[in-house]
Amino acid sequence: MGYFEEYLLDSRFKSNFDSWNPVSGHYHNVIDWDQRRTITVSTTEKNDEDFIFEALVELIDDLPADVVKIKVSNDFELLSSSTAVDDDNTLIPFYPLPTDLPSQVPKVHRSELTEIERLGVQADHVTYEPTPGETKHVVFKYYINEGNIPMFWHEMNCTLRIPSHPNIVPIDRLVIDSATPDGPEKVVGFTTPFIAGGTILDNISRVFKLKHLKQLISTIDYLNLRLGIVHGDICTWNLLIDPETDDLKVFDFNMGAKLGWEGDKDHLDTFGYDEDRNDVKLAVFALYEIITRDISYREETELEDLEVSMVLDQEEWEKHPDVCLEDGMAVSEYRRILEDWVIARKKTENEITFYKQAPDFIDWPGLPPFPLVEFVGSVTSRASQLRSEMIKRGEPFIKWQRPPTAHLPLPEGKRLLATGEVVEER
């Protein structure tokens, strides 16, 4: 259940290609993040992405799982559907080998994970049994499309190399899978501990204490100045309060960077440092949003135009009536600590400008080369293969498709694996 019960159209669907000509009409190849499937939507007239997504909202949850292409009318009526291999435009992405990553990181097979809730695009709350009779709740992050490969590689490598820290959510295990029972294992994702209670954005009733602010700024200093790592997305939806320890936790490094690094030049500068995403600036806006619940600056202003003066120069921050701060602590005390830190960081910002200047900097190898594969009649190094061509060649592939959220919860006695398979309860 969860994320895909109520959603914006472009949160569930992504059009990765469209084409138009007067003879064959117009079509979009669309990824449905909920069902983890790709479907081609064809129309006789040229239509924009919004029309295609609205048509899919009406139709996709009732389509058989093996349908790969549909044709719809301007009234969202299903005119035809196809299960033909030649109509399948699904791409199967590259996954690294376990030997491409540090051997000491624990692993879990994807078939051992049971889906509990869909938290977002390519992120699920799942459980597994580390020992018989023990149930562990974790977040499973993964990718099913080639566009996420470089970012995922760098996020995974960064997170697993960050030393254990009380305010940073660590990697729990690498998730492995193979296309066949005896086939080579691939790393298809990783898990992190699941922390109940929702993010600071979601759970407004929880008290945000002065110590939480201090933990946030000390964690940013640790990342930036000790490890040479920039989180790059400090915001209320990437911050948690652990209900067991009452400690603030930072998570989700998919917008991260090595401080001052130009980025992975072979892959669109992924994980490169962007001054507009510096953690000090974003922490200022995060605290402002925590206290006021006003997210208009982040929503209405381009990142490069966000300046801390927009909020720090305000005489007062009006606390939202539903926000709970520590008893006896005025908003001004939170601001004083924040502003003192901003001043202190300005004094040190030129001392470490490149991640390798940090005393305990972390680093990792680049993304492994993509293999040579057959693609549309030629052999080339690619990040993905066409599923239709793999099927014709008799090549196995890792499968992801699962039932839509609209068909959940499952009947009693059934459970949904992270593989997408429905099985009997243990």
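Our structure's up above, just so we're on the same page.
Summarised in this report is the structure supplied together with it. (Residues numbered from 1 in each chain as written. Predicted model: local features only at pLDDT ≥ 70, side-chain atom pairs only at ≥ 80, totals over all residues. Heavy atoms only, no water.)

Before going further, it helps to spend a moment on the packing of aromatic side chains. Across all of its chains, the model carries 19 aromatic pairs by this definition. Geometrically, the ring pair formed by Y288 and W317 is edge-to-face, given 5.2 Å between the ring centres and 85 degrees between the ring planes. Note that Y288 is positioned in helix α5 (residues 279-292) and W317 in the loop between α7 (309-312) and α8 (331-348), a separation of 29 residues in sequence. Through pairs of rings, three or more aromatic residues link up here, namely Y95, F140, Y142, Y143, F152, F190 and W400. Across the ring face of W400, the terminal group of R110 is positioned such that the distance to the ring centre comes to 4.1 Å. Here the basic side chain of R382 rests over the ring of F375, its NZ or CZ set 3.6 Å away from the ring centre. (Phe/Tyr/Trp six-rings, centres within 6.5 Å; stacked < 30°, edge-to-face > 60°. Helix = DSSP H or I, 4+ residues; strand = E, 2+ residues; numbered from the N terminus. Lys NZ or Arg CZ within 6 Å of the ring centre and 35° of its normal.)

We now examine the sheet that holds strand β3 (residues 37-43). One open sheet holds the five strands; their spatial order is β1-β2-β3-β4-β5, and the pairing between them is mixed. Of all strands in the sheet, those with a lone pairing partner are β1 (13-21) and β5 (78-82), marking the two edges. Between one strand and the next, the sheet's axes are offset by a mean angle of 20 degrees, whatever the strand orientation. Sheet topology places strand β2 (residues 25-32) next to β3; seven bridges connect them, and they run antiparallel. Across the sheet, residue D32 finds its bridge partner in β3, namely R37. Across the face of the sheet, helix α2 (residues 49-59) comes into contact with β1, β2, β3, β4 (69-72) and β5 while running at roughly 120 degrees to β1. (Pairing = 2+ DSSP bridges. Axes fitted to C-alpha atoms, helices over the stretch in contact; angles between N-to-C directions. Contact = heavy atoms within 4.5 Å.)

Before going further, it helps to spend a moment on the pattern of salt bridges. The tally for this structure, following the rule as stated, stands at 31 salt bridges. For R36, the salt bridge goes to D124, with nearest N and O atoms at 3.5 Å. Here R36, found in the loop between β2 and β3, pairs with D124, found in strand β9 (residues 123-128); they are 88 residues apart in sequence, far enough to count as distant. In this structure R36 comes out as buried when scored by relative accessible area, which is 5%. When its relative accessible area of 1% is taken as the criterion, D124 is described as buried. D221 serves as the salt-bridge partner of R345, at 2.8 Å between the closest nitrogen and oxygen. You can see R345 sitting in helix α8 and its partner D221 sitting in helix α4 (residues 210-227), a full 124 residues away along the chain. (Salt bridge = Lys/Arg side-chain N within 4 Å of Asp/Glu carboxyl O. Buried < 20%, exposed > 50% of the residue type's maximum accessible area, 1.4 Å probe, protein only.)

Before going further, it helps to examine the side chain of R37. With respect to the element layout, R37 can be found in strand β3. Despite its burial, R37 remains without a salt bridge, the nearest opposite charge being carried by D32 at 5.8 Å. A polar contact of 3.0 Å, which involves the side chain of R37, links it to the side chain of Q35. Aside from chain neighbours lying at most four places away, what touches R37 is V30, I31, D32, I60, L63, P64, A65, V67 and Q401. (Lys, Arg positive; Asp, Glu negative; His and termini not counted. Polar contact = N/O pair within 3.5 Å; in protein donor to acceptor, adjacent residues only side chain to side chain.)

What follows concerns unusual backbone geometry. With an omega of 0 degrees, the peptide bond between L408 and P409 qualifies as cis. The phi torsion at Q122 lies on the positive side, around 60 degrees, for a residue other than glycine. Inspection of the secondary structure puts Q122 in the loop between β8 (114-120) and β9. Using a relative accessible area of 5% as the deciding quantity, one classes Q122 as buried. In the Ramachandran plot, D252 falls in the positive-phi region, its phi being about 70 degrees despite a non-glycine side chain.

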